[in-house]
Amino acid sequence: MSNRGPGMIGGSHGSGNSNSGGNKPEWLQQYDLIGKIGEGTYGVVFLARIKSPGSNRGKSIAIKKFKQSKDGDGVSPTAIREIMLLREISHENVVKLVNVHINHNDMSLYLAFDYAEHDLYEIIRHHRDKVNQPINQYTVKSLLWQLLNGLNYLHSNWIIHRDLKPSNILVMGEGEEQGVVKIGDFGLARIYQAPLKPLCDNGVVVTIWYRAPELLLGAKHYTSAVDMWAVGCIFAELLTLKPLFQGAEVKATPNPFQLDQLDKIFKVLGHPTQEKWPTLVNLPHWQSDLQNIQGHKYDNPGLYSVVHLSPKTPAYDLLSKMLEYDPRKRITAAQALEHEYFKTEPLPGRNAFVPSRPEEKVVNYPTRPVDTTTDFEGTTSIQPSQPVSSGNAVSGNMHVVPNRATGATGCYCSGPSTATAEEKGPPWNGNAWIPSTAEVKTVLRSQLVAGTLKSYISREDSDKRREIPRKREGENRLSIAPIIDGSIMHWIPLISNNEA
Amino acid sequence: MENPSDSSVSPSSLLCQESETRLDEDLDDDDEYIQVLLKRETGAVSVRNSVCLVLQDWAKNARLDAVDFILNTTALLGFRFQTAYLSLSYFDGFLSERIIDSEKSWAVQLLSVACLSLAAKLEECPVPILSELQGGEYNFNSKIIQRMELLVLNTLQWKLASVTPFAYLPHFINKFCNQSSPGGIISRIREHILAVVREVNLMNHRPSAIASAAVLVALDQRLTRKAMELKINAIPASRFLDTEDVFTCYNIMQRLEFDKIMLPKFLLSPDLSPGTDVLQDHSVASSVRSKRKRLTFNDSDQNHCLSEKKNHNSSID
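Rules behind the numbers
- Residues numbered from 1 in each chain as written.
- Chains lettered and ligands numbered in written order.
- Predicted model: local features only at pLDDT ≥ 70, side-chain atom pairs only at ≥ 80, totals over all residues.
- Heavy atoms only, no water.
- UniProt positions renumbered as here; feature names shortened; annotations may be inferred.
- Helix = DSSP H or I, 4+ residues; strand = E, 2+ residues; numbered from the N terminus.
- Buried < 20%, exposed > 50% of the residue type's maximum accessible area, 1.4 Å probe, protein only.
- Expected span 1.5 Å × (residues − 1).
- Salt bridge = Lys/Arg side-chain N within 4 Å of Asp/Glu carboxyl O.
- Phe/Tyr/Trp six-rings, centres within 6.5 Å; stacked < 30°, edge-to-face > 60°.
- Lys NZ or Arg CZ within 6 Å of the ring centre and 35° of its normal.
- Patch = residues over 30% accessible without salt bridge, like charges linked within 9 Å, V, L, I, M, F, W, Y side chains within 5 Å.
- Areas by Shrake-Rupley, 256 points an atom, 1.4 Å probe, with all protein chains shown as cover.
- Pairing = 2+ DSSP bridges.
- Axes fitted to C-alpha atoms, helices over the stretch in contact; angles between N-to-C directions.
- Contact = heavy atoms within 4.5 Å.

Identification of chain B as Cyclin-like domain-containing protein from Nepenthes gracilis is taken from an unreviewed UniProt entry.

If you look chain A up in an unreviewed UniProt entry, it shows as Cyclin-dependent kinase E-1 from Nepenthes gracilis. Its UniProt record gives chain A a comment under Sequence similarities (unreviewed entry), which states: "Belongs to the protein kinase superfamily. CMGC Ser/Thr protein kinase family. CDC2/CDKX subfamily."

Here it is as structure tokens:
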């Protein structure tokens, strides 16, 4: 039993603990909070700026605060999945996780992302409601190409996004990465090897407008083709500024049959047939056909008239391949990137906002509305509020494909996925404590004595917490935390493996 | 709710929990896919080898307790094998980065609970509530478990997406059995894997090595090194397999199998302490098999820390 001297205690900047009054935790002190920019079932997203001097000073950061999980559930599975997935991926067209912070008092989790000023929801809305003209060809093509490029990266790492929609496709504002697309939000990310689960059990209502027909017909297993369907819907929306299949959602649990959404699809694309989609007959909702979808008659399909494209154009050809009924025949992200559409003028570029031809007008998109009345706790009110955007800075659902695509009616597969961790990893300075022996004993004692348990830890206790250093190279001896008050042994390590 | 007590379940009883058909369905293999898995694993292992873990006696026993706890609890709750394996890999990963002081047996148990909880959150549907994962000699407040989860997550840098040997089994069975696989081979393979996780630190062996060794030993327990190499070189994934590691795992499994035949059966129960009642152990195993219900069980097989047993069923919060 070795007792480390006081020199071994503390000294790390991560030990901030804001138990005393309104003091901010130290991690929070490195940011200037600007305000709230989004809110959803997952939690709240804030805009903040980095305070610290240096090259990052003033840089905008989106901070996503997870809603606390239910008492007794521990760290929320959603947060675990999202963070572990984000830790494994790194791509120019995928949102970048900069840091993970843990608030020690309530154990709430905060994710810091590079901030993206725009998203496709706001861009489309701006054109529809303010500019009153379509998005220029170059911008549409560049946005689509970059979206496919990010998606191809995800799919080749066995990750399905599963909830692509305009508000989840972010675009960088002014700066070095201006006009660069970032696929956002890994909210419901699923780990490799996890059993494939039906949509409903995530308990999150996602918009059905971008949902692939195989899912609407009750397919239990996802493939990356569901994302390509969504990309097709988004492509059409970029062209027309209107959602392509705007069905009315049936709100019921679990996972009700979305008749109206299918009806909207069939009206544009025509009735699916077994000839075109052989595995159609195996899909649960098609098979049971409680609402007689098989018997419905639909007029001649007219996708080209809806999107105002000549059937001979490469754009139409690509779109129709994304909206192929049979998921196995649907174009993949890799194939789409090679499509003729991207090889004809105007060629796609890195900055989707700046057209290649200087004579074309550059649209200045409005910045994201910020609600400056909300602080991280969601309480303080200082200034009059601005409306909060319905688009999410970093929201949406990612889903790891637990296996290679097996087709909508494929077998149950549970192989692991394989996102490769190429990146060095973000600077990591989340902190976590575990309770001291004294705390555990207190719990046990009170259990034995009273049969009930009180709050397991007092403020005084947590203020006295100290860390033990991480094990050093080659050190196999057992180490203990310093004795602080003569009787209470605190075993409260501090994590501070900063790589920044 | 009654807490599952310190029951002992033999690894073989675990084998009945997952139907073999599920694995069979996965048999569509894809060399490319397996190679991606292997590459990913190689990246992870190069880091691991630098922190080759040598456990002290105290820690070894603590690890065995953790293995028992994790296997018992996963069996009782009907979890997948991957969940148990992942929990243990988090456990070993944590201890290769941090040290737990020998006085804190509760910390080891807390670590086991937290690792199991994290693995279950990623693998199981529905996700169990924390109180279901209790079962050792201490009963932890859910806030304490949550703190430990955060500590584990941070220590592992949130990289929980490890490959497990089970991911490889359909592929290796298919490749190593030339035509048809012998009946019951899957349960024998699982038995080898569950036996070897008790013996080795999961940080020191690749999941692919454990998986291929388990398949090879289930097919033939008398392979020479040369014969084994021939078999490995015949499959497409061979260039990504670490033959040395496969052979090490093969030898350990072979030895464990030999011990099993030579030693009295009670020594094979998960708890190696002499106090284990063989009959009781078997009755537990069989009732788990048939009913998979919560079992109360006396604590005689736990020869330490009897003072603060959780005889109280009150939930902690």
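From this point, the narrative continues.
A short note on the UniProt feature "binding site: ATP" (unreviewed entry) in chain A
Residue and element names in this part refer to chain A. The positions UniProt marks with the feature "binding site: ATP" (unreviewed entry) are Lys65. Relative to the helices and strands, lysine 65 is located in strand S4 (residues 60–66). Looking at lysine 65, the relative accessible area reads 15%, which means it is buried.

Overview of helix H9 (residues 185–199) of chain B
All names here are of chain B. With 15 residues, H9 extends 22 Å between its outermost C-alpha atoms, agreeing within 8% with the 21 Å of an ideal straight helix rising 1.5 Å per residue. Counting buried residues along H9, 11 of its 15 residues qualify, which places the element largely inside the surrounding structure. Of the residues making up H9, those classed as buried are Ile185, Ile186, Ser187, Ile189, Arg190, His192, Ile193, Leu194, Val196, Val197 and Arg198.

Looking at the pattern of salt bridges
Pairs can form between side chains of opposite charge once their charged atoms are near each other. Tallied over the full model, the rule gives 23 salt bridges over all chains. The residue aspartate 119 of chain A makes a salt bridge to arginine 368 of chain A at a minimum N-O spacing of 2.9 Å. Placement of the pair is aspartate 119 of chain A in strand S7 (residues 118–119) and arginine 368 of chain A in the loop between helix H11 (333–337) and strand S11 (399–400), with a sequence separation of 249 residues. Of the two residues examined, aspartate 119 of chain A and arginine 368 of chain A, each falls in the buried class. The shortest N-O distance in the salt bridge between aspartate 68 of chain B and arginine 198 of chain B comes to 2.8 Å. Of this pair, aspartate 68 of chain B sits in helix H4 (residues 57–76) while arginine 198 of chain B sits in helix H9, placing them 130 residues apart in sequence. We classify aspartate 68 of chain B as buried; its relative accessible area is 7%. Classification of arginine 198 of chain B by relative accessible area gives buried; the value is 15%. Several salt bridges converge on common partners, so that one network encompasses Glu92, Glu176 and Arg350 of chain A.

Things to note about the packing of aromatic side chains
Applying the stated criterion across every chain yields a total of 14 aromatic pairs over all chains. With a centroid separation of 6.4 Å and 85° between ring planes, the pair formed by tyrosine 85 of chain B and phenylalanine 166 of chain B is classed as edge-to-face. With tyrosine 85 of chain B in helix H5 (residues 81–95) and phenylalanine 166 of chain B in the loop between helix H7 (142–155) and helix H8 (169–176), this pair connects stretches of sequence that are 81 residues apart. As far as burial versus exposure is concerned, tyrosine 85 of chain B and phenylalanine 166 of chain B are alike and both buried. Clustering of aromatic rings is evident, with ring pairs tying together Trp229, Phe245, Phe266, Trp277 and Tyr325 of chain A. The ring of tyrosine 341 of chain A has lysine 141 of chain A lying over it, and the distance from NZ or CZ to the ring centre is 4.5 Å.

Looking at unusual backbone geometry
For residues that are not glycine, phi is negative in most cases, and the peptide bond is trans in most cases. Residues and elements named next belong to chain A. The amide bond that connects glutamate 345 to the next residue, proline 346, takes the cis arrangement and shows omega of -5°. Positive phi is not limited to glycine here, since methionine 107 has a value of about 60°. The topology assignment puts methionine 107 in the loop between strand S5 (97–103) and strand S6 (108–114). Despite not being glycine, leucine 241 shows a phi value in the positive range, around 65°. One can find leucine 241 in the loop between helix H6 (225–240) and helix H7 (259–269).

Some details on a nonpolar patch on the surface
Together, Phe258, Ile261 and Met262 of chain B give the surface a local cluster of nonpolar side chains, amounting to about 360 Å² of exposed area. Taking the relative accessible area as the measure of exposure, isoleucine 261 of chain B reaches 59% and is therefore exposed.

Regarding the sheet that holds strand S3 (residues 43–50) of chain A
Residue and element names in this part refer to chain A. Sheet architecture is open: 5 strands sit in the order S2-S3-S4-S6-S5, paired in antiparallel fashion. Edge positions in the open sheet fall to strand S2 (31–40) and S5, since each of these has one partner strand only. Ignoring which end each strand starts from, the neighbouring axes of this sheet average 25° apart. Inspection of the sheet shows S2 paired to S3 by 8 bridges, in the antiparallel sense. Following the sheet pairing, glycine 35 is matched in S3 by leucine 47. Helix H2 (residues 77–88) rests against S4, S5 and S6 of the sheet, and its axis sits at about 35° to S6.

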